[in-house]
Structures are given as C-alpha cells and as structure tokens.
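Single-letter residue listing:
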Amino acid sequence: MRNSRHRARAVVAVAAAALTGLATLTACDASGGDEAAPNGPTAQDRAHRKAEPVWDTSPRSVAAVGDSITRGFDTCSVLSDCPEASWATGSDSEVRSLAQRLLGKRRAATHSWNHAKTGARMADLPGQMEHAAAHRPDLVTVMVGANDACRSSVDDMTPVSEFRADFEDALGTLRDERPRAQVYVLSVPDLKRLWSEGRTNQLGKQVWKLGICKSMLADADAMDAAAVARRAAVRERVVAYNAVLKEVCAKDLRCRYDGDAVFDFRFGTDLLSHWDWFHPSKKGQARLAEMAYEGVTSRRP
C-alpha cells in the first residue's frame, strides 16, 4: 500500500512539475521576456498569501488517530477502552478533551472523530489516517509509537527506518485527501519513567504480568545487568522514534510536534490508571488534553 501511494504521488509530482515548466515557458513567450505573465498572481494576491497564517489556532473540527492512550484504555475499567475519557475527543467533563476545549462541548459531539485503536503501531497509522481524512477535519492529532517499543522483546521493536517510512506514508495519505489539514503530533511517552512510577504498586505489577509492554515491564523488580540494559534499550528506541516524529513533521508546514512535551512530562501515580499503573488515569488524560491544547493554540510551536 505504501509503495503504491508513493509511486502515485511521485507521478503526480512529476506531472505537476512538467506543467509548471510549460506554463513558465508560455508566460515568458507571451510577455516577451522576463516580465510577469498577464494572468499571473497580482501583488495583492501575493500579499494576501503572505498574510494567511500557516497554523490556525482555532480549528473547527478534530480527528484523532493513534493507540490505546487516545482510546482511553484502562481509564474507566480494567483492560477496556473508554473513548469518552480520551484526551483528544472524549466527552467526559473531568477530562475536558482537546476537542471540547477547542470546539465547545456541543460542537465537539458532532465535529470530532476518534479512529485510534488499542494496540495500534505506526504501521497502522496510514489506514487510520485514511479514515480520518474522510471527515475532512481541520486538525488531526497523532499519538502513536508506544506499541512499537512495547513488544514481547527488545528484538521485536519496530526498526526506526520502518517507523519513519510508515509515518511519512501516513502524512502522505492525509495530504492526498486533505492537503490543508493541520497535524498535531504528540511525542511517545517515556516508558521507563512509567515503569519506575508503576512498579511501586503491587496490584499494577500483577496486571503487568498479563503481558502489558513486556519489553519494558517484564520482571518489573529485576535490577540485574540484563534487565537494566533491556529497559535502557527500550528508552533509547523511544527517543529515536521521537526524533523521527520531529524531523518528519518539520518538513510539513502544517504539522506541529509537541517538542517532547509528553516524553518529558513526569507522570506521577495520581496520573496513572489504577487498573494497570501504566496508562493515563482520567487526571492523566486531562493533563494530556491540557498540554495538547496549549500546543495547538500557541502562536509559535
């Protein structure tokens, strides 16, 4: 799917370039040299384009893509999604989701959509983005990558090159359908920080044994050299994923990265789910919504 989309976009780009070149030659011929073509943009048109803000701090619709955090997993009950408590599009008044903060409660109910899926990895993002684009949203939020690092072992983590290619494909998918949509990308949380907080709770560690993020959470109390190296490798991969998110997003004028805000945030136990001590609680979801709102509405990234 990715390669076919890339080829299609490449063909369109080449054709557009050829047409642009032909138009330029025609304009020069028509004007007798270096003068602007009669039908070219006027000074007023150019001034209007310069005045138009690239980033709109007041989008009127929001679509969300991502993984379990955006689905509100383990926020309301054990091992279950709770989309009404989602930081991005939820309706819970305790959370005050990004959509509600931007659009108001009534409009958020009809102009926000959640296409995130628990367990999703970056490879799933192009498909989610295609569904999100169908709503023609003004803003798409992205929070994904934790499951690429949360694998059964360190060796099973998604390679950084694949992570990059899939993220580029996802943005390309959106641009094919919604070229002017804004994208706000949240960084992948510091999984090692979540381990260090959650391991203080015995109930949480019992839930971890069911298989949650085994690459980081397995043998939670082990402090031997192998366990320490394993957790360090997972954290290093998360740092690499965030570098990709930042770099790829920077190439798109309508994409804004959170500047590692989520990764750097020190989630305490009161902000973690009391079902698994790893996913955000309602307070944690509310904090994510607050951080995202600050990022989206800021005049500068």
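For the structure given in this document, a descriptive report is provided here. The structure presented is a predicted model; accordingly, all values stated were derived computationally and were not measured. (Residues numbered from 1 in each chain as written. Predicted model: local features only at pLDDT ≥ 70, side-chain atom pairs only at ≥ 80, totals over all residues. Heavy atoms only, no water.)

### A look at the environment of Met216
- Along the polypeptide, Met216 turns up in helix α10 (residues 214-217).
- Residues Met216 and Arg151, spaced 65 residues apart in sequence, show a C-alpha to C-alpha distance of 8.3 Å.
- Discounting residues that sit within four places of it in the chain, Met216 has contacts with Leu191, Lys192, Trp195, Arg230, Arg231, Val234 and Arg235. (Helix = DSSP H or I, 4+ residues; strand = E, 2+ residues; numbered from the N terminus. Contact = heavy atoms within 4.5 Å.)

### Some remarks on the packing of helix α5 (residues 125-133) against helix α7 (residues 160-177)
- Where α5 meets α7, the closest approach of the two axes is 8 Å, and the angle between their N-to-C directions is 15 degrees. With respect to α7, the axis of α5 lies roughly parallel. Here α5 runs over α7; the crossing is right-handed. Seen from α5, the contacting residues are Leu125, Pro126, Met129, Glu130 and Ala133; seen from α7, they are Asp166, Phe167, Asp169, Ala170, Thr173, Leu174 and Glu177.
- Grouping the constituent residues of the contact of α5 with α7 by class yields seven nonpolar, one polar and four charged. (Axes fitted to C-alpha atoms, helices over the stretch in contact; angles between N-to-C directions. Parallel < 35°, antiparallel > 145°, perpendicular 65-115°, else oblique. Left-handed = near helix turned anticlockwise from the far one by under 90°. Nonpolar A, V, L, I, M, F, W, Y, C, P; charged D, E, K, R; others polar.)

### Quick look at the packing of α7 against helix α11 (residues 225-250)
- Taken N-terminus to C-terminus, the directions of α7 and α11 make an angle of 35 degrees; their axes are 10 Å apart at the nearest point. Our pair here, α7 against α11, has a crossing hand that is right-handed. For the pair α7 and α11, contact is made by Val160, Phe163, Arg164, Phe167, Glu168 and Leu171 and by Arg237, Ala240, Tyr241, Val244, Leu245, Glu247, Val248 and Cys249, respectively.
- Of the residues in the contact of α7 with α11, the class split is ten nonpolar, no polar and four charged.

### A few points about the state of the cysteines
- Scanning the model with the defined rule gives three disulfides in all.
- Cys76 shares a disulfide with Cys82; S-S distance 1.9 Å. With the S-S dihedral at roughly -60 degrees, the linkage between Cys76 and Cys82 falls on the left-handed side.
- The class of Cys82 is buried, set by a relative accessible area of 1%.
- The disulfide partner of Cys150 is Cys213, and the S-S distance across this bridge is 2.0 Å. Here Cys150 and Cys213 share a disulfide; its torsion about the S-S bond, -75 degrees, makes the bridge left-handed. You can see Cys150 sitting in the loop between α6 (146-149) and α7 and its partner Cys213 sitting in the loop between α9 (202-208) and α10, a full 63 residues away along the chain. Residues Cys150 and Cys213 agree in their burial class; the two are buried. (Disulfide = S-S within 2.5 Å. Buried < 20%, exposed > 50% of the residue type's maximum accessible area, 1.4 Å probe, protein only.)

### Some remarks on the nonpolar core
- The biggest cluster of nonpolar side chains holds 70 residues, and the ones touching the most others in it are Trp87, Val185, Leu191, Phe267 and Phe278.
- Broken down by element, this core gets its largest block of residues, seven residues, from α11.
- When neighbours within four sequence positions are excluded, Leu191 is seen to be in contact with Ala146, Ala149, Cys150, Cys213, Met216, Val234, Val238 and Phe278. (Core = buried A, V, L, I, M, F, W, Y, C linked by side-chain atoms within 4.5 Å.)

### Comments concerning the sheet that holds strand β2 (residues 112-114)
- A sheet is described by the order of its strands in space; here five strands give the open sequence β2-β1-β3-β4-β5, paired in parallel fashion. Of all the strands in the sheet, just β2 and β5 (255-257) have a single pairing partner and so form its edges. Strand-to-strand twist across the sheet, computed as the mean angle between neighbouring axes with direction ignored, equals 15 degrees.
- Note: strand β3 (residues 139-143) against strand β4 (residues 182-185), four bridges, orientation parallel. Looking at the pairing, Val142 lines up with Val185 of β4.
- Most of the contacts of α5 go to strand β1 (residues 62-66), to which it runs at about 165 degrees, and overall it touches β1 and β3. (Pairing = 2+ DSSP bridges.)

### Quick notes on the pairing of β1
- The element β1 is extensively covered by neighbouring structure, given that five of its five residues are classed as buried.
- Neither face of β1 is open: one carries Val62, Ala64 and Gly66, the other Ala63 and Val65, and all of them are buried.
- Here three bridges tie β1 to β2, and the two strands are oriented parallel to one another. Residue pairing across strands places Ala63 opposite Trp113, the latter belonging to β2.

### Looking at α11
- Across its 26 residues, α11 extends 38 Å between first and last C-alpha, which sits within 8% of the 38 Å expected from 1.5 Å per residue.
- For α11, the complete set of buried residues consists of Ala227, Arg230, Arg231, Val234, Val238, Tyr241, Asn242, Val244, Leu245, Val248 and Cys249.
- Taking the backbone nitrogen of Ala226 as reference, a side-chain oxygen 3.1 Å away marks Asp224 as the first, capping residue of α11. (Expected span 1.5 Å × (residues − 1). Polar contact = N/O pair within 3.5 Å; in protein donor to acceptor, adjacent residues only side chain to side chain.)

None of this, on its own, says anything about what the molecule does.
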